[in-house]
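# Topology and contacts: notes
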Amino acid sequence: MRSMKEIMKIRLGVASSFLIEGEKGYILVDAGLKKKEKKLLRFLKKNRINPMEIKLIVITHVHGDHVGSLKSIQEITHAKVLVHQEEKEFLIKGKSHPAKPISKFYEKISSFMPEKSHRYDAVEPDIVVEDNYSLQDFGIKAKIIHTPGHTKGSISLIDEQGNAFIGDIAMGFPMNFKAGLPIIAENLDEVKKSWKRILEEGAKTLHLSHGGIVSSKVLKKLLEKKEKK
Ligand SMILES: [Zn+2]
């Protein structure tokens, strides 16, 4: 079994989703803002992918810009939905996880942001995970790990080659001017612990939901800086 054949990035609103090709179909990471399902469908058509080939939707965390179109995408694809135990209730209620900006400055900015108070169509998850969940059954050599901090039940997907899909546990431009801390975090200490864990799990390339693709060295350097202080 190969790790991953291809990774495609699709912007579904302010956050990006990722489509990962495995041996048994595709895994979609996150489901964008509301009403973005048509954009996804156009993308799939252009790339000659049948929507039914998407077998799993991994929700990194339950904020409106990551689950807005989940219900419709679930209906179109019939994919299973995977979420962490701590986020499950929010998904079932169709409510966003409460967002806590890390400073006054970001509080002002975030009042304009869709993360804040979005409601979306409720979804009943199929797979509820805690930590170390293998995706082997879905045809990729990758696992889900629990990386709290941005929200309690934030998760990351890391494959054997070190591709890491880490949701909002780190953010890049334009949310954060340099790739680094998320501008919203329930617990900043947990964020840093999660960064450590992500590095320990062998992440090399970080695929940010907000921002581009960055080397995991960015997190390493930031952690070293913090320890010196
Ligand atoms: Zn978020």
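Shown above is the structure to which this text applies.
Read on for an overview of the structure. (Residues numbered from 1 in each chain as written. Predicted model: local features only at pLDDT ≥ 70, side-chain atom pairs only at ≥ 80, totals over all residues. Heavy atoms only, no water.)

## A closer look at helix 1 (residues 37-46)
Rule in force here: Accessible area is worked out with a 1.4 Å probe on protein chains only. A residue is then buried under 20% of its type maximum, exposed over 50%, and partly exposed in between. Secondary structure is summarised from DSSP: a helix means a run of H or I of at least four residues, a strand means a run of E of at least two, and numbering begins at the N terminus for each. Note: the arc covers the axis-to-C-beta directions of the helix. Whether two residues are in contact is decided by their heavy atoms, any of which lying within 4.5 Å being enough.
Taken together, the buried positions of helix 1 are Glu37, Leu40, Phe43 and Leu44. End-on, the buried residues of helix 1 take up no more than an arc of 120 degrees, which puts them together on one face. Exposed residues pointing more than 90 degrees away from the buried face of helix 1 are listed as Lys38, Arg42, Lys45 and Lys46. Where helix 1 is buried, its residues meet strand 1 (6-11), strand 2 (16-22), strand 3 (25-29), strand 4 (54-58) and helix 3 (70-77). Within two residues after helix 1, Arg48 carries a phi angle of roughly 55 degrees, on the positive side.

## Focus: the sheet that holds strand 6 (residues 127-129)
Short version of the rule: Two strands qualify as a pair provided DSSP detects at least 2 bridges between them. The convention used is that axes are lines fitted to C-alpha atoms, helices contributing only their stretch in contact, and that angles between N-to-C directions extend from 0 to 180 degrees.
On the basis of which strands lie adjacent, the open sheet formed by 6 strands has the order 1-2-3-4-5-6 and mixed pairing. Of all the strands in the sheet, the pair left with one neighbour each is strand 1 and strand 6. This sheet shows a mean twist of 20 degrees between the axes of neighbouring strands, independent of strand direction. Bridge analysis of strand 4 against strand 5 (residues 80-84) gives 3 bridges, and the strand direction is parallel. Each residue of the ladder has a partner; that of Leu56, found in strand 5, is Lys80. Contacting strand 1, strand 2, strand 3 and strand 4, helix 1 crosses the sheet at an angle of about 145 degrees to strand 1.

## A word on the sheet that holds strand 9 (residues 155-159)
The strand order across the open sheet built from 6 strands is 7-8-9-10-11-12, with neighbouring strands paired in mixed fashion. Each edge of the open sheet carries a strand with a single partner, namely strand 7 (133-134) and strand 12 (213-215). Summarising the sheet, strand 8 (residues 142-146) and strand 9 pair through 5 bridges and their orientation is antiparallel. Bridging from a neighbouring strand, His146 pairs with Ile155 of strand 9. Where helix 6 (residues 188-200) meets the sheet, it contacts strand 8, strand 9 and strand 11 (205-207), and its direction lies at approximately 160 degrees from that of strand 8.

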